[in-house]
Amino acid sequence: MSAVAARANPLLKSFPPFLTWPHLRFRTICSGRLGFAHSDPDHPVAGTKLLESFKEEFEVGTNLITLETGKIARFANGAVVLGTGETKVLSTVAASKGDALRDFLPLTVDYQEKQFAQSLIPTTFMRREGAPKERELLCGRLIDRPIRPLFPTGFYHEVQVTASVLSSDGRHDPDVMAANATSAALMLSDIPWGGPIGMIRIGRIDGHFIVNPTMEELILSDLNLVYACTKDKTLMIDVQAREITEKDLEAGLRVAHPEAVKYLEPQIRLAAKAGKQKKEYSLSMLSQKTLEKVGALAEAKIGAVFTDPSYGKFERGEALENIMQDVKQQLEEEGDEESIKILPKAIDTVRKQVVRKRIITEGYRLDGRHLDEVRPIYCEAGHLPILHGSALFNRGDTQVLCTVTLGAPQDAQRLDAIVGPSTKRFMLHYSFPPFCINEVGKRTGLNRREVGHGTLAEKALLAVLPPEDEFKFTVRINSEVMASDGSTSMATVCGGSMALMDAGIPVREHVAGVSVGLVSEVDSTGEIKDYRILTDILGLEDHLGDMDFKIAGTRSGITAIQLDIKPAGIPLDIVCESLEAARKGRLQILEHMEREISTPRSKDDRNAPRLASLRYSNDALRRLIGPLGAIRKKIEEETGARLSVSDETLTIVAKNQNVMDKVLEKVDSIIGQEITVGGIYKGVVTSIKEYGAFVEFGGGQYGLLHISELSHKPVTRISDILSIGQAISVMCIEQDVRGNIKLSLKRMSPQSASIEVNARTPEVNVSDFIVSKETTANAQSSASSVSTQLDAKSVSDLLAQAVSTLENPSTSPDFRIRSVAECDEEEKRPESTSIPLWPSKSKRSKDYGSSLSTSSSVLSDVKESKGKGPISAKNLKLGTTVTAKVHQIRALGLVLDLGGGVRGMYRFEQQDRGKTDYAVGDELRVTCTSFSSKGIPVMSLENDD
């Protein structure tokens, strides 16, 4: 060390030995501080390394923010740790050392959330993090978008930003923190950059704006605004909202700007303490001589192409390519190799000047539209009828096909983020295949652009979805871009909204999106002196313009925003002015969408997806799941349905009603249903004893039908009435504490029902309630068919009414009481108008939860009235003719007002469905022909065949 000191200062050579570094036990110098050597030279020990760090502390909102450098990642070109509470984020930057042999800035931003930040071990097989997750890609884009415009023009050296979450308390989202840490790291580095920037998050609860809200506050907030800026200009905006108005959003932006500026001064102070001198990197600049030369050769031809609105996207591109080849040929003849090397960049600069000049001076665009004009729109809902929902949306040459798929609750996406929810039930996946721009390319894994566009559309549509407790389905939208000429993400919003309505999902209203552009003219100082705002920009206008401002929302307000710019900032006033232009364009698009489909579609009852939520005991659910879930998997494989089990709840999602019926039958066969006293159930006779018969229900439940409960008349032999394997409907009359069930057959019919009646009408007998042996030949293989519980009183009232009618045959038309077997046979016939004694399994009294089909609700919406009048539910008989009024018109028939608060129904014939010959209030002469399984009168027109 003394030798080092001597070389630094020759005067130190004359120091006496007792003042030398080894004699004073100094070993090394680290970061301006001294390390002490061990006193024993025979046993050397490493000295203590002291790391010098620099820190800045400041407050934003109610949070204390710290910026620290010098302790971690000392070899990086720039490294900063930003902390808020117990959440800390490290951001580092590095740049390549070689020359930049390219014509673009290769900036890479990697954001990492590893599980050690929340003291967890990854649950993957290798127990380590894999490929970047969607959230990591989105956070990387959030950092990239505001810092990219601030690199100097012509700086094409490779730059890599790596942001890593070191620790997380779960209260603060690290994404905004990573962006501010990246800005500070760039300020410390020797990379030329026009920062610093500040990024802030704004929420709103009960009309009050909150700066940097916590995760708990964001759940209650109707606004999630992320805003990035320099001292006086806006760089980036990202918004998710619940239909916030343009006026309220502008107020939020005005609040966000001064709060974001608070991050700038601490970064400048930290850079003054520990920053590096900016390095002179080589810049790839176009020479003015080359630009003028290429402009003289190509400007007139390019102007002719851009002033002809008949050119399409590819025709225009082909014409520009031909112009560049002509210019290249002339340069080759002149031997100007330097201009040939940068010709593509020069041609692009010339056409940018031509387009921008025409828009500023003449107010016309590439395709001849006015500045605020939206391209022609074509909408088609239900493009693929067999799917749950689909829509085709065209705006100009941009075309997007959106499809909706509904799934079970367990189909929700599982998220592995350190903050936010653990699952996501609504997903929108955006796909941009190469053929949509007539190119050849490979389809690889997650694409940053596709993830970003899909997430923007997902945010826009999420605001109008029904709450999870009202709509339990998992929803997935696939957006396939079929042709691209600008604003495919906003076309995805429009197509996705129509597809949701086509699927019958009860969304509140349509959501539409439009992209707004900006063309500006600046003075010598870089300040904007003139500008034009463009509505619904083309792909080329996006490339040649200054701004891509995507805004989506409903008629009521904004649901999502994404702002990206190319210059080094845009005044906030211009951004706020663009909101009104976007609103006008959005309303034009909404009109076209509403003309195509304005309300959620009512799907066909048999093809619509079904969801059932049933309550069982945990022991019963264990029997259903089986060992290692084998029984549940078998049911899912055989039926195609999805079964999910939570605490005492079974959720079933089926493709249609037929699949749902099959699943319920299998579930009943395994679990059965709760047997209650007074309920009527269908079972199968499994054994016959001298004292009675044992009846098996679903789920291995048994009951005893004693010989004394068979009939009101004495029974000598049970085998005269019942046989093993025979299906029978019985009533539960007693259930003891041990679970033993006692059944009765005779109590299902009153004793007076055995009176003698007219000879033309058969006698009411107990045997009529027993299914015949012929109809139960196949019942032995499915002894667990369980029927819906039926109120015993309603059965007795029905039989009493039938007996009363039999006693007075002169006042009633001829009819006969059918047996259960005859009723079951009649129910199998389409358009049946018979009176089924027991409801079919598809009409069980279980909560089917959400149903996307409303076309069958013509029965369920009819409620029995208690009003008194000439017609009542008790005195209405078969064959009664009344004058009724049309109360409601449904897809399958009419709901009739029979008077006295009684509602009846009239079913359309198959060929008459969909006709609108009736109007509410029309009077019809109708006759009661039967009663539905719910006791609703089924009527027929008096002159109806």
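Conventions adopted
- Residues numbered from 1 in each chain as written.
- Predicted model: local features only at pLDDT ≥ 70, side-chain atom pairs only at ≥ 80, totals over all residues.
- Heavy atoms only, no water.
- Pairing = 2+ DSSP bridges.
- Helix = DSSP H or I, 4+ residues; strand = E, 2+ residues; numbered from the N terminus.
- Axes fitted to C-alpha atoms, helices over the stretch in contact; angles between N-to-C directions.
- Contact = heavy atoms within 4.5 Å.
- Buried < 20%, exposed > 50% of the residue type's maximum accessible area, 1.4 Å probe, protein only.
- Left-handed = near helix turned anticlockwise from the far one by under 90°.
- Nonpolar A, V, L, I, M, F, W, Y, C, P; charged D, E, K, R; others polar.
- Phe/Tyr/Trp six-rings, centres within 6.5 Å; stacked < 30°, edge-to-face > 60°.
- Lys NZ or Arg CZ within 6 Å of the ring centre and 35° of its normal.
- pLDDT = per-residue confidence, 0-100.

Draft legend 1. Region of the structure containing the sheet that holds strand 11 (residues 223-229). Sheet architecture is open: eight strands sit in the order 10-9-11-12-23-22-20-21, paired in antiparallel fashion. The strands lining the two open edges of the sheet, one partner per strand, are strand 10 (208-211) and strand 21 (528-535). The average angle at which neighbouring strand axes cross in this sheet is 20°, direction not considered. Here helix 3 (residues 174-188) sits on the sheet and contacts strand 9 (198-205) and strand 11; the angle it forms with strand 9, its principal contact strand, is near 155°. Packing of helix 14 (residues 572-596) onto the sheet brings it into contact with strand 11, strand 12 (234-244), strand 20 (512-522), strand 21, strand 22 (547-553) and strand 23 (558-565), and relative to strand 20 it is tilted by some 145°.

Draft legend 2. Just the environment of Glu-280, in detail. Mapping Glu-280 onto the fold places it in the loop between helix 6 (264-274) and helix 7 (288-306). We classify Glu-280 as exposed; its relative accessible area is 76%. Along the primary structure Glu-280 and Pro-192 are separated by 88 residues, whereas in three dimensions their C-alpha atoms are 7.9 Å apart.

Draft legend 3. Just the packing of helix 3 against helix 6, in detail. Packing of helix 3 against helix 6 leaves a shortest axis separation of 9 Å and a crossing angle of 35°. Crossing geometry of helix 3 relative to helix 6 is assigned as right-handed. The residues of helix 6 that touch helix 3, namely those facing Asn-180, Ser-183, Ala-184, Met-187 and Leu-188, are Gln-267, Ile-268, Leu-270, Ala-271 and Ala-274. Of the residues belonging to the contact of helix 3 with helix 6, the class tally is seven nonpolar, three polar and no charged.

Draft legend 4. Region of interest: the pairing of strand 32 (residues 881-889). Sheet topology places strand 32 next to strand 35 (residues 923-931); five bridges connect them, and they run antiparallel. Looking at strand 35, one finds that Thr-883 is bridged to Arg-925. Note: strand 32 against strand 33 (residues 893-899), four bridges, orientation antiparallel. Bridge assignment links Ile-889 to a residue of strand 33, and that residue is Leu-894.

Draft legend 5. The arrangement of the packing of aromatic side chains in detail. Counted under the stated rule, the structure contains eight aromatic pairs. Taken together, a centroid distance of 5.6 Å and an interplanar angle of 85° make the contact between Phe-58 and Tyr-263 edge-to-face. Remark: Tyr-263 occurs in the loop between helix 5 (246-261) and helix 6 and Phe-58 occurs in strand 3 (residues 54-60); sequence separation between them is 205 residues. Taking 5.9 Å as the distance between ring centres and 10° as the angle between the ring planes, the aromatic pair formed by Phe-151 and Phe-155 counts as stacked. Judged on exposure class, the residue Phe-151 and its partner Phe-155 are both buried. Here the aromatic cluster, defined as three or more aromatic residues joined through ring pairs, consists of Phe-151, Phe-155 and Tyr-281. Over the face of the ring belonging to Tyr-281 we find Lys-279, whose NZ or CZ atom lies 5.2 Å from the ring centre. Here the basic side chain of Lys-313 rests over the ring of Phe-314, its NZ or CZ set 5.8 Å away from the ring centre.

Draft legend 6. Inspection of the sheet that holds strand 29 (residues 702-706) at higher detail. Judged by pairing direction, the barrel is mixed, and its five strands sit side by side in the order 27-28-29-31-30 before closing back on the first. Neighbouring strand axes in the sheet, compared pairwise and without regard to direction, differ in orientation by 55° on average.

Draft legend 7. Layout of the confidence of the model for the protein chain. Here the protein chain averages 80 in pLDDT, while 80% of its residues score no lower than 70. Across the protein chain, the secondary-structure element scoring lowest on mean pLDDT is helix 20 (residues 857-860), at 32, and the one scoring highest is strand 11, at 97. Low confidence marks residues 802-820, where pLDDT is under 50. Its contacts with residues over four positions away, or in another chain, come to 33 contacts. Segment residues 829-869: pLDDT under 50, and 118 contacts once partners within four positions in sequence are set aside and those in other chains are kept.

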